[in-house]
Amino acid sequence: MSYPYQIKTLEGYKSDYQKSVEDPEEFWGNIAESFTWQKKWDKVLDWNFKEPSIKWFQGGKLNITENCLDRHLEKNGNTPAIIWESNDPDEHHRVLTYKELHFKVVQFANVLKNNGVKKGDRVCVYMGMIPELAIATLACARIGAVHSVIFGGFSAQAIADRLEDAKSEFIITCDGAYRGAKDIPLKSVIDDALVGNHTIKKVIVCTRTRTPVSMIKGRDVWWEDEIKKVETHGNPDCPAEMMDAEDILFILYTSGSTGKPKGVVHTVAGYMIWANYTFVNVFQYQQGQIHFCTADIGWITGHSYILYGPLSAGGTSLIFEGVPTWPDAGRFWDVVDKFKVNILYTAPTAIRSLMGFGLEYVNGKDLSSLKVLGSVGEPINEEAWHWFHKNIGKEKCPIVDTWWQTETGGVMISNIADVTPSKPSFATLPLPGIQPCLVDENGVEIEGNNVSGNLCIKFPWPGIIRTTYNDHERCRQTYFSTYENKYFTGDGCSRDEIGNYRITGRVDDVLNVSGHRIGTAEVENAINMHAGVIESAVVGYPHDIKGQGIYAYVIYDGSHGDANLSKQDIIQTVSRIIGPIAKPDKIQFVPGLPKTRSGKIMRRILRKIAEGDTSNLGDTSTLLDPSLVDIIKEGRI
Ligand code: PRX
């Protein structure tokens, strides 16, 4: 497959960028011609950021699976679409060619239909990283059902909230999932999520770990049994549902500054084109290369750069079930060596963690197949950047530092491998179609270079969030109301003397822990559920490996005894309500929280104390009880 829109030179980048700004409709209309449509669009773009209402390729009809599967069959049917490496290095890996993946997707799409799933229905997918996860999501897309993939680390309560918000009636899960030495009982978590639920009609359970599960009559069915029911001897058929360009493809929940995660909605055509365009360009993907994105499909990175980006490009995507440190800290490098991986896309947290184990796990592994390295999810510090560049890329692979968000669908600001220059810890330049700007607290745009401010985007791109599921007003408020006529990212950012962007981190109450977004309000709500807790305030602090750690100040009714045990109980509560990823790293019991006379918690002070920077806490005179600050300072952990 060729990619006529692949940028090849720095001049090419500059001229494409220029075209994308001067005539976006012409620019994206041309690119869209390279895809398979059942009916061509009438209008490339119709938008306003006020409502917001953003429509790309209106009137166009298509199905993303025809673009990800069917169109590759004739020429590339025998090309591996998915290579799967097990958690267990001794278990045989699996390869699914485009023909095989197509076969399985179509087959499972028929299973979904047989079980009553229809176009527009929301299907929750809660599975481990096995090929069946890719098959399940693509099968939903095949019949026009909306997938809502939930990361395997979320708790029963978090799942229940998401099921309710999305009004899902169907779940696809596994008996369990392997992650390193752990075996996570996914079906049993689903069972807990479904206690008292009367809206779920069917739960389809795929076998992976053979963990004992309780199958409820009339509701729960085995994947393997259902497949037998639709098995045909020839090629199964399931025509791709004709979708409007702006029909919903998926919902993906992400945390914000309020307590309740929101369902980010992406639609079929714009998302597909954006995932494909950014994949082909940022990584400079060449047909036949093996792309290894280490994210979980439960996050946007997995959606865009394990599934839809690589598959729409006819590429080969490696799915790894395990974790980087099991059975030892050389696991990523073993996988690269075993499959001769060409592109490795991972998170700074993983790099920092592996750095800590030393080079003995890298030495002796053949990493010479690597051509491009990528970083995503959080700022990459210079030390990690250089370690990655030197020891993994052997100083010959460009590192693309890709800044983007669940809401943006794909990479927004990044260097382009071997095409535009990199600069350690800078995401560098916007991709064609992206018009970033920095604004001050009054919403005034900050022009020129060597400046910093809040990062906004001035013009829509095909992969932009369309709405938050069931609550359009929330979408407007969160992203489009802070600054008029701009999409607000929630990130702080600086621009250097030649216009390179450097993301400095969130400016709202959202933490980025190991590259995962977690709202402080969400963690506070969970902590406050614990019977002994009166009130809490959560802030982030710098953490050597995770980027940010979670620091919780808790007013606790200590009459029940041992403080350490109580802290363990609180951690357990957070695990139950959200999941282990949101567990506080530090809990400090405090007699009160620093509040203004109007009752607002002064988080700035709590943040400074958590960071260990207590020399200058600023003006504390507006506090209701300034003496609390000294007590909290003294009790710092
Ligand atoms: O703060 C930015 C940070 O991650 C946030 C988005 O998180 P999420 O929606 O979970 O998506 C993560 C994967 C795309 C952003 O608001 N972030 C993401 N990439 C970078 C980054 N911060 C600095 N540099 C990056 N390359």
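Please read these numbers as outputs of a predicted model, since none were measured by experiment.

### Observations concerning the pattern of salt bridges
- One pass over the full model with this rule turns up 38 salt bridges.
- Lys338 is the salt-bridge partner of Glu85, the closest N and O atoms lying 2.9 Å from each other. Pair noted here: Glu85 is in strand S4 (residues 80-85) and Lys338 is in helix H11 (residues 331-339), with a separation of 253 residues, a long-range link.
- On the accessibility criterion, Lys338 (41% relative accessible area) is partly exposed.
- Here Asp247 makes a salt bridge to Lys119, at a shortest N to O gap of 3.7 Å. Taken together, the residues span a long stretch of sequence, with Asp247 in the loop between strand S13 (243-244) and strand S14 (248-254) and Lys119 in the loop between helix H4 (98-114) and strand S6 (122-126) at a distance of 128 residues.
- Each member of the salt-bridge network shares a partner with another, and the members are Lys187, Asp191, Arg219 and Asp220.

### A short note on the sheet that holds strand S7 (residues 146-149)
- As summarised here, the arrangement of the 8 strands in space is S12-S11-S8-S6-S7-S14-S15-S23, forming an open sheet in which the pairing is mixed. The open sheet is flanked by strand S12 (220-222) and strand S23 (467-468), the only strands paired with a single partner.
- Where strand S15 (residues 262-267) and S23 come together, 2 bridges link them in antiparallel fashion. Paired with Val265 across the strands is Thr467, a residue of S23.
- Where helix H7 (residues 186-193) meets the sheet, it contacts S6, strand S8 (170-174), strand S11 (202-206) and S12, and its direction lies at approximately 150° from that of S8.
- Helix H8 (residues 223-230) rests against S8, S11 and S12 of the sheet, and its axis sits at about 70° to S12.

### Quick notes on unusual backbone geometry
- Pro52 follows Glu51 through a cis peptide bond whose omega is -10°.
- Position of Pro52 relative to the elements: it lies in the loop between strand S1 (43-48) and strand S2 (53-58).
- For the bond from Trp326 to Pro327, the omega torsion is -5°, close enough to zero to count as cis.
- If you trace the backbone, Pro327 turns up in the loop between strand S17 (316-320) and H11.
- Backbone geometry places Asn470, a non-glycine residue, at a positive phi of 70°.
- The topology assignment puts Asn470 in the loop between S23 and helix H14 (472-480).
- Note on Asn470: relative accessible area 52%, which makes it exposed.
- Despite not being glycine, Asn485 has its phi angle at roughly 60°, a positive value.
- Following the sequence through the fold, Asn485 ends up in the loop between H14 and strand S24 (487-495).

What counts and what doesn't
Residues numbered from 1 in each chain as written. Predicted model: local features only at pLDDT ≥ 70, side-chain atom pairs only at ≥ 80, totals over all residues. Heavy atoms only, no water. Salt bridge = Lys/Arg side-chain N within 4 Å of Asp/Glu carboxyl O. Helix = DSSP H or I, 4+ residues; strand = E, 2+ residues; numbered from the N terminus. Buried < 20%, exposed > 50% of the residue type's maximum accessible area, 1.4 Å probe, protein only. Pairing = 2+ DSSP bridges. Contact = heavy atoms within 4.5 Å. Axes fitted to C-alpha atoms, helices over the stretch in contact; angles between N-to-C directions.

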